[in-house]
Amino acid sequence: MSIARERILASVRRSLRRAGPLPESVREVLDRRLDAPAPNLKPALDDDPVSHFVHKADAVHARISRVSTLAEVSGVVLRHIEEHGLGESIVAAPGLEGVQWSNRLAVERRAARGSDQISVTGAFAGIAETGSVMLLSGPESPTTLNFLPEDHVVVLRESRIVPHLEDAWAMLREERGSMPRTVNLICGPSKTGDVELVILEGAHGPRRLHVIVVRE
Amino acid sequence: MKSAAHDFPSRARAGLQNPDLVRAMARARTGFIDKRRAAVDALPEYPQLRRIAREIKEHTLQHLDYYLERFEARVREHGGHVHWASTPAEAQAIVLDVCRAAGAKRITKGKSMVGEEIALNEALEAAGFEPIETDLGEYIIQLANEPPSHIIAPAIHKTRDQIADLFHARHAQYGLHERRTEPTALVGEARTVLREKFQTADVGITGANFLVAETGSSVIVTNEGNGDLTNTLPRVHVVTAGIEKVVPTLEDMSTILRVLARNATGQEASAYTTLSSGPRRAGDLDGPGEYHVVLLDNGRSQMLGNEFHEMLRCIRCGACMNHCPVYHAVGGHAYGWVYVGPMGSVLTPLMVGLDEARDLPNACTLNGRCREVCPMEIPLSDMIRKLREREFDERLTPPRTRLGLRAWAFAARRPALYRFVTSLAMRVLGLLGRRRGRLRRLPLAGGWTGTRDLPAPAGETFMAAWAKRRVEKR
């Protein structure tokens, strides 16, 4: 262990008027706090989670499309491409399953490259309170897809929309057990206020964020 | 960054006389304050969340050694490295070693106040690396070779014309020759130039808004997406963070996030909140192969438990400076170091020395707005007053001021004498200013009357007027 480490920890303990590490009994209490994390106050939502999500995501300028089944995703992506004059080759997250892609689209499944115009990924969860989507990194969902392309399309199932961020953490613990390398919470497109505090979209990340909410 | 805090008076004067800065600060005044107010008012639970957020920070600080060790253990489990640095020099050396070991040339950086605190760019450049700030505001001030003037909007002092000039001069090398002034065009230009840098960087360095002990995650909260390109594309990800950034659980972080975004930018949530835990996992198609966290002390462990303890709750939202009349008047550069406004007036003396930064605690009207808006309820104005007391005790206050304070204290503790002297002074000043209703010059107070007139006193003291009124009423 480094000298600086011992020096800093000793200084912290001196300042807290303790001679050494916390007594075992206190450590156990703190261990329990970490091992079974409890939510603090969660603000009340005045709406059902799905409507709230849609409302909040719209407020931060995410584009929202609502469809009944995964079969409709390809059509929404095609329309997005036409509307914004993008090419018909897309990069999809390798793990995005169940989407029947139109044969007009050239679909590649990989991490993103600088030249990619549009990516389509799945979301682990949607957070109603803020209209954010949560995406987890992994072989099936490379993080670069969320940031490098000009346009980012996220497929989110209604059943994955939870009221609060805390609910998504509970889901993550239950379903994954451990943290992936990266957890991205994304709330609207990339933006900046660094030139005279004028808010502009498309700073370094995607210029447009399009969330397709699937009912099934 | 080398401190120029000793130079506050002349820098403040320069700020007051700079018309571009005056315009920029007027924008900041309305922009930040109104948005924050609206966001806070829209959340009925805000007062409780603020109280809980404060309790979380306080709980963590009381057990800081425990939570730091837990955080460290989790990062190691994920295959990451944790380094400890007592001083900025140690932190610099650690980062340089990591960059050398990686055979790095180009280094992208996300915005980090600790990065500024340890003067990382200077150190990296001196060692032959090419550090590139990628947050638009930080990029602008790096091109201008200036320090940040606001902790969340580092280039707030720059006008679009100044940015246009800067880009025009520095972007010709990329084949961009046209001088453009529209904000959209400026943002687009920076995007184009930095894209290539992101993709060719060997190391990415970010700060951290939180370190989560439960999961060993470092967390950044941004809007541009530059931080994510910085921590995902290069081979190595380095995080620089102060030891006070640790929180126990993801739930605790979630609570503080709610107050952070609202106070910083008036948003309910920032565009990107990103948790990084260790290097890329087996099978991952992207992400860095190495992950390092550098934990910086730099005086923080000594603040713990002393009279400035509460400053460690600071989450660097910037609300205090956004509400500070002195900051608005003089601008961030007057403060001469990394941290500006009220939080800077407390932190800078504690980090670079009270002697060096002796003017900062005095650049305050003690109006208390900073404390009122602070999401962590840090008693900034009380701390500023304590620093003034410490200056007096350490004889850092100028001799004339000390003499003046002594004289005042002598009179103030003798009510009869005090009343006699003040009533005499009021009578004399009232007579002198009778004709114009104001005084242009006043002996011993040239500093005050140099830039404004003194309204002439009514001729009697408040105490005298009050006594008379009571007699009349009867």
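For clarity, every value in this text was computed on a predicted model and none was experimentally measured.

Peer 1: I'm lost on the overall build of chain A in this one. Help?
Peer 2: Of regular secondary structure, chain A possesses five helices and twelve strands. For chain A, the C-alpha radius of gyration of 21 Å lies well beyond 17 Å, the compact-globule estimate for 216 residues. Per-residue burial for chain A yields a buried fraction of 45% across its 216 residues. The contacts in chain A between residues at least 6 apart in sequence include a share of 74% that link residues at least 24 apart.

Peer 1: Mind showing me how you'd approach the overall build of chain B here?
Peer 2: Scanning chain B for helices and strands turns up 22 helices and twelve strands. For 474 residues, the compact-globule estimate of 2.2 N^0.38 gives 23 Å, and chain B sits close to it at 26 Å. Overall, chain B is about 90 × 55 × 45 Å in size when its C-alpha atoms are taken along their principal axes. Counting every position in chain B, which comprises 474 residues, the buried fraction comes to 51%. The contacts in chain B between residues at least 6 apart in sequence include a share of 73% that link residues at least 24 apart.

Peer 1: Can you help me understand the sheet that holds strand β7 (residues 151–157) of chain A in this one?
Peer 2: Whether parallel or antiparallel, the strands of a sheet pair through hydrogen bonds between backbone atoms. Residue and element names in this part refer to chain A. Spatially, six strands are ordered β1-β12-β7-β4-β2-β3 in an open sheet, and the strand pairing comes out parallel. Among the strands making up the open sheet, the edge pair consists of β1 (63–67) and β3 (106–109). Each strand axis lies, on average, 25 degrees off the axis of its neighbour in the sheet, ignoring direction. Summarising the sheet, strand β4 (residues 118–122) and β7 pair through five bridges and their orientation is parallel.

Peer 1: Mind showing me how you'd approach the sheet that holds strand β10 (residues 290–296) of chain B here?
Peer 2: All names here are of chain B. Spatially, six strands are ordered β1-β10-β7-β4-β2-β3 in an open sheet, and the strand pairing comes out parallel. Edge positions in the sheet fall to β1 (81–85) and β3 (130–133), since each has one partner strand and no second. With direction set aside, neighbouring strand axes in the sheet form an average angle of 20 degrees. In this structure, strand β4 (residues 203–206) lies alongside strand β7 (residues 236–242), joined through four bridges in parallel fashion. Across the sheet, Gly204 pairs through a bridge with His237, a residue of β7.

Peer 1: Help me understand the domain arrangement of chain B in this model?
Peer 2: A common measure of how large an interface is: the accessible area buried when the components associate. All names here are of chain B. According to the domain assignment, chain B contains domain 1 (43–301), domain 2 (316–399) and domain 3 (400–473). Between domain 1 and domain 2, the C-alpha centre-to-centre distance is 25 Å. Listed per partner, the contact involves 20 residues of domain 1 and 16 residues of domain 2. Taken together, the residues that form the side of domain 1 that touches domain 2 break down as nine nonpolar, six polar and five charged.

Peer 1: Can you walk me through the environment of Leu156 of chain A in this structure?
Peer 2: Residues and elements named next belong to chain A. Note that Leu156 resides in strand β7. The buried category is assigned to Leu156, around which 24 C-beta atoms lie within 10 Å. Residues Leu156 and Val213 lie 57 residues apart in sequence; the distance between their C-alpha atoms is 4.9 Å.

Peer 1: Any chance you could explain the nonpolar core here in plain terms?
Peer 2: Most often, soluble globular proteins have nonpolar side chains that are buried together. Of all hydrophobic cores here, the largest spans 181 residues; its most connected members are Met134 and Leu156 of chain A together with Val294 and Leu295 of chain B. Ranked by residues supplied to this core, first place goes to helix α12 (residues 250–265) of chain B with eight residues. In this structure Leu295 of chain B touches Leu68, Val82, His83, Trp84, Ala85, Ala241 and Ile243 of chain B, once residues within four positions along its chain are discounted.

Peer 1: Help me out: how do you make sense of the domain arrangement of chain A in this one?
Peer 2: Under the domain assignment, chain A is made up of domain 1 (3–35) and domain 2 (49–214). Look at where the C-alpha atoms of domain 1 of chain A and domain 2 of chain A centre, and you get two points 41 Å apart.

Peer 1: Help me understand the packing of helix α9 (residues 160–170) of chain B against helix α10 (residues 183–200) of chain B, please; the structure alone is not making it clear to me.
Peer 2: The packing of two helices is summarised by the inter-axis angle and the distance between the axes. Residues and elements named next belong to chain B. At their nearest, the axes of α9 and α10 sit 11 Å apart, and the two run at 35 degrees to each other. Classified by chirality, the crossing of α10 by α9 is left-handed. Contact residues: Arg160, Ile163, Ala164 and Phe167 in α9; Pro183, Leu186 and Glu189 in α10. Classifying every residue of the contact of α9 with α10 gives five nonpolar, no polar and two charged.

Peer 1: Could you clarify how one ought to interpret the interface of chain A and chain B in this entry?
Peer 2: At the junction of the two partners, chain A supplies 62 residues and chain B supplies 79 residues. Among the elements of the structure, α1 (3–15), α2 (24–35), α5 (165–176), β9 (182–186) and β10 (191–192) of chain A are those that each provide at least two residues to the side of chain A that touches chain B. Counting residues per element, the side of chain A that touches chain B draws most heavily on α1 of chain A, which supplies nine residues. Here the residues of the side of chain A that touches chain B are counted per class, giving 31 nonpolar, 19 polar and twelve charged. In terms of strand pairing, β9 of chain A meets strand β9 (residues 272–276) of chain B through five bridges, oriented antiparallel. Residue pairing for β9 of chain B: Thr182 of chain A is matched across the bridge by Ser276 of chain B.

Peer 1: Where do I start with the packing of α5 of chain A against α12 of chain B in this structure?
Peer 2: Packing of α5 of chain A against α12 of chain B leaves a shortest axis separation of 9 Å and a crossing angle of 160 degrees. Relative to α12 of chain B, the element α5 of chain A is oriented roughly antiparallel. When you trace α5 of chain A past α12 of chain B, the crossing you get is right-handed. Residues Leu165, Glu166 and Trp169 of chain A of α5 of chain A form the contact with α12 of chain B, whose participating residues are Leu250, Glu251 and Ser254 of chain B.

Reading guide: rules and limits
- Residues numbered from 1 in each chain as written.
- Chains lettered and ligands numbered in written order.
- Predicted model: local features only at pLDDT ≥ 70, side-chain atom pairs only at ≥ 80, totals over all residues.
- Helix = DSSP H or I, 4+ residues; strand = E, 2+ residues; numbered from the N terminus.
- Rg over C-alpha atoms; globule rule 2.2 N^0.38 Å.
- Buried ≥ 20, exposed ≤ 12 C-beta atoms within 10 Å, placed from the backbone.
- Contact = placed C-beta atoms within 7 Å.
- Pairing = 2+ DSSP bridges.
- Axes fitted to C-alpha atoms, helices over the stretch in contact; angles between N-to-C directions.
- Domains from an automatic or database assignment.
- Nonpolar A, V, L, I, M, F, W, Y, C, P; charged D, E, K, R; others polar.
- Core = buried A, V, L, I, M, F, W, Y, C linked by C-beta atoms within 7 Å.
- Left-handed = near helix turned anticlockwise from the far one by under 90°.
- Parallel < 35°, antiparallel > 145°, perpendicular 65-115°, else oblique.

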